[in-house]
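Examination of the molecular architecture
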Amino acid sequence: MYQNRRRRFSYAGVVAVAAVAGCDGEGLRPNGISELQATVSEVIPTVVTVSWKTDTALTGHVVFGASGELSTPEETVASTEHSAILLGLPASTDAEWTVVMSDGHSETGVVNTGTLPNTLPSVTATGTHDEYTVTSVLGGVTGPAILDPQGRFVWFYPDSHGLDVYRARLARDGKSVLYNAANVSGTPSDSSVIVRVSLDGTEESEIPVPLLAHDFVEMEDGSIVAMAVEFRDAGSDTGDTGAASQIRGDKLVQIAPDGTQTDLWSSWDCFDPATDIGTDQDAGWTFANSLEYDATSDGGSGAFELSLRNFSSITHIPRVPPTSGSRCDWTFGTTAATVTPDVPFLHSHQFQLLHANTTNDVGSMLIFDNAGMGNASRAIEYSFDPAQPVAHKIWEYDPSPSIFTFVLGDVARLDGGDTVVDFAVSGEIDRVTPAGAVAWRVNTALGYGFGFMTQTPSLYSSP
Amino acid sequence: MRTEIALGLLFSGCSGTGAGADSVPTGPITLADANNYHFSGSLNVPVVTTASARDVAIDWGQVTQDIQCHTVDPAADIDTVGLVRFGALTQAQVQAGLSSNDLQQADMSGYVQYQNDAAGTSTTLSAMSFFGTPVDVTSEYVQGGGTYLLLLATGTTPGVGARTLAFLDPEDASTNTAVTVASGCGVLQFTADLHSLSSAPVGADLSVDWSGVTADGQGNPIDDAKIDGLLLGYYEGQTVADIEGDFLNLESRATTLYSLPLTGGTSADLTLATAGTQVFTGFSGDGLWMLALTCSRCYNPAPPFLTLLTPPTGA
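What you are looking at is a predicted structure, and each value in this text was computed from that prediction instead of being measured. (Residues numbered from 1 in each chain as written. Chains lettered and ligands numbered in written order. Predicted model: local features only at pLDDT ≥ 70, side-chain atom pairs only at ≥ 80, totals over all residues. Heavy atoms only, no water.)

Right, let's talk about the overall build of chain A for a bit. A tally of helices and strands in chain A yields one helix and 36 strands. Here the C-alpha atoms of chain A give a radius of gyration of 24 Å, agreeing with the 23 Å that 2.2 N^0.38 yields for 463 residues. Principal-axis analysis of the C-alpha atoms gives chain A an extent of 85 × 50 × 45 Å. Among the 463 residues that make up chain A, the fraction classed as buried is 56%. Of the contacts formed within chain A by residues at least 6 apart in sequence, a portion of 51% connects residues at least 24 apart. Per element, the accessible surface of chain A, about 17,300 Å² overall, is 50% carbon and sulfur. On chain A, the mean spot of the 23 positive side-chain charges and the mean spot of the 58 negative ones are 5 Å from each other. (Helix = DSSP H or I, 4+ residues; strand = E, 2+ residues; numbered from the N terminus. Rg over C-alpha atoms; globule rule 2.2 N^0.38 Å. Buried < 20%, exposed > 50% of the residue type's maximum accessible area, 1.4 Å probe, protein only. Contact = heavy atoms within 4.5 Å. Areas by Shrake-Rupley, 256 points an atom, 1.4 Å probe, with all protein chains shown as cover. Lys, Arg positive; Asp, Glu negative; His and termini not counted. Charge placed at Lys NZ, Arg CZ, Asp CG, Glu CD.)

A few words now on the sheet that holds strand E24 (residues 313-318) of chain A. Residues and elements named next belong to chain A. In space, the four strands of this open sheet follow the order E22-E23-E24-E25, with antiparallel pairing throughout. Each edge of the open sheet carries a strand with a single partner, namely strand E22 (288-294) and strand E25 (330-333). For this sheet, the mean angle separating the axes of adjacent strands, direction not counted, is 20°. Bridge count for E22 against strand E23 (residues 303-308) is six bridges, and the pairing is antiparallel. Bridge assignment links serine 290 to a residue of E23, and that residue is serine 307. (Pairing = 2+ DSSP bridges. Axes fitted to C-alpha atoms, helices over the stretch in contact; angles between N-to-C directions.)

In this structure, proline 401 of chain A follows serine 400 of chain A across a cis peptide bond, with omega equal to -5°. In the Ramachandran plot, alanine 424 of chain A falls in the positive-phi region, its phi being about 45° despite a non-glycine side chain. You can see alanine 424 of chain A is positioned in the loop between strand E32 (419-422) and strand E33 (428-432). By relative accessible area, alanine 424 of chain A is classed as buried at 0%. Even without being glycine, alanine 53 of chain B reaches a positive phi, approximately 60°. For alanine 53 of chain B, a relative accessible area of 27% translates into the label partly exposed.

For the rest of this paragraph, the subject is the sheet that holds strand E31 (residues 410-413) of chain A. Residues and elements named next belong to chain A. Taken together, five strands build an open sheet; the order of strands is E10-E34-E33-E32-E31 and the sheet is antiparallel. Edge positions in the open sheet fall to strand E10 (123-127) and E31, since each of these has one partner strand only. The average undirected angle you get between the axes of adjacent strands in this sheet is 10°. The sheet contact formed by E31 and E32 spans four bridges and is antiparallel. Within E32, the residue paired with arginine 413 across the bridge is threonine 419.

All names here are of chain A. Considered domain by domain, chain A is made up of domain 1 (6-112) and domain 2 (123-456). Domain 1 puts 13 residues into the contact, and the matching count from domain 2 is 11 residues. In total, domain 1 and domain 2 occlude about 920 Å² of area from one another, counting both sides; carbon and sulfur atoms represent 67% of this. Taken together, the links from domain 1 to domain 2 amount to zero salt bridges. Among the residues making up the side of domain 1 that touches domain 2, the classes are represented as nine nonpolar, four polar and no charged. (Domains from an automatic or database assignment. Buried area = accessible area lost by both parts, 1.4 Å probe. Salt bridge = Lys/Arg side-chain N within 4 Å of Asp/Glu carboxyl O. Nonpolar A, V, L, I, M, F, W, Y, C, P; charged D, E, K, R; others polar.)

Moving on, we come to the interface of chain A and chain B. Facing the 35 residues of chain A at the interface are 30 residues of chain B. Both sides together, the interface formed by chain A and chain B hides about 2,400 Å², and carbon and sulfur atoms give 55% of it. When residues of chain A are sorted by the area they lose upon contact with chain B, Asn118, Phe406 and Leu446 of chain A head the list and together hold 32% of the total. Inspection of the region where chain A meets chain B yields zero salt bridges. The interface formed by chain A and chain B holds nine residue pairs in polar contact (both at pLDDT 80 or more) in total. Considering only residue class, the side of chain A that touches chain B consists of 16 nonpolar, 16 polar and three charged. (Polar contact = N/O pair within 3.5 Å; in protein donor to acceptor, adjacent residues only side chain to side chain.)

Spelled out as structure tokens, the structure:
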């Protein structure tokens, strides 16, 4: 019977790399595990990379956490050289980890994670939760971030583009986080980018996408579809300047893994600025503000669903353009709507079409409603059938005291029926039961908010 | 009182006699709650009543001092003018929350700002926006709509660098559409007690550890995550009463003031602190040594932690 060995790895302020092999002069130990190293990331000091070697080709994984509650995935290819990234650890914590090999041998160590930047907001958490929140921080500091179920920051990467980060997503490669750095405050930025940063923060790459807006999605093939602003001449003369006035619409841009960019859709494909007129036209015509890719829609061929702030509508854009008829086969909301809600929502942000089956879009629509109640925001759910002219409200959640989230906002229905409501720039995220009871809540200190969010039970699960 | 006597001795140059200062540490300077000063302060934010649901002109040309009574150039130093609306808090609750630094973002029900890129001294409510969304004055700035707090700040980072503030109070009966922001000196009322603290003994180790500190100078739980600076001041020929009496000029009174930005954690190496190009190398002189942990993102400018240090005899 081989014995577990316990080694201590320390964080010394910048980076700690401690090699076990050779420490006691034994080299390869009887359990066949050697050259153990635990490296705390210099960039994201809550991320630890454990590497080791074995004398025979094996697979393995690492169990870690305060009580061994976390685990990296089992390696898929047997090898004599191994590496695993520990994700989900809070800052300034002694974390025990155990390398577990497929032959049953194991080795244990302890590592102390470093401190995250003190520019991050203080977060208070109450209640219980069992998911990680992948989001971004806005305000005094901006960048993609991950909160653990206890409401602690376990991952944060400070963005350096001088723009805002509205959306962060775990990438499908399992090795990185994707986020946008953009500006939707007034004039959109020509310098906006989609950024990919490795989980340990040591590698960053970016793809310039001018005029990026709030949101993007990553497709199954690794391409990215992002919202961007599109300006077109209105075709009229403004008089004094002699220049044609411009209309601010939106488009969807697909970015292939090699960086090639293709316009997939434009506001003008579905709507007419002369007849489809929403609110706040001074700020833009359609003003898209959130995006979802619905892989199960259209019988599995997939569709994009796009929220248009100034229309207070959500439009459905099949991935495969129809051979005839409108490029948008249904629009739910107010302006240009084919389906209207019995209780209106206003300036909605994120939403979720909850399919009742896999053959059509019948089910329910869960929406973050910024201003449907005036200066108070809520999550609202409608029974939804695109073939029916009216959708009826079946559920809503209004926090008490009320919160007015004037920008951004997100919702997600969890498998067990609870709903996570992200009040975004208001710095509060609530998990609520179907009865509206708050099961979990996090709040930031004044001056900080969150961007959009996704919920995931594991940081190792594929999106 | 024993502590006062002990500190009095300390301030006259006799080191190592204060409570907690009777032993020279062999390790880092270890700070605890007993070493912290007591600060009681409140904000008395002026209120300006204006017309409701109408655009309002805001002029800050008279803001020549901030709430710490430090000089302000209203054109050059005010970079951001922000208007925060608290939907469910009264003015008194907002004042108390600002003073204790425990307001939450969710307390806020709206925020718009104006970037003073042109170095002017005036703007209007209708010129303010946030994330591209302008304020609709007729519906968003109304009597009964909440508590409206106007913040004038240096820098463009939300929540950082507030120099002065005022409540705007829209009332249907008012016809006033011009707000003149007053100078900030006097907004902050405070008393600082440095007599009651136990000075912290210093040994040969020039590092400091505050992991044992649990409360700030107001008795609230200390939030280590908010600590982003360390000040180490030397005060030649000054008494503790001098510093208490002119507490808001703590920095300018120092004979030498070393500073050290902090990025997190609960310890620091004092030899990394600098005063201009001068690096701190150790304690010397007969004057007072003061160490403060600061929070640049707190609306209350009082340091969360401040203590006096007792250098080893002969230092």
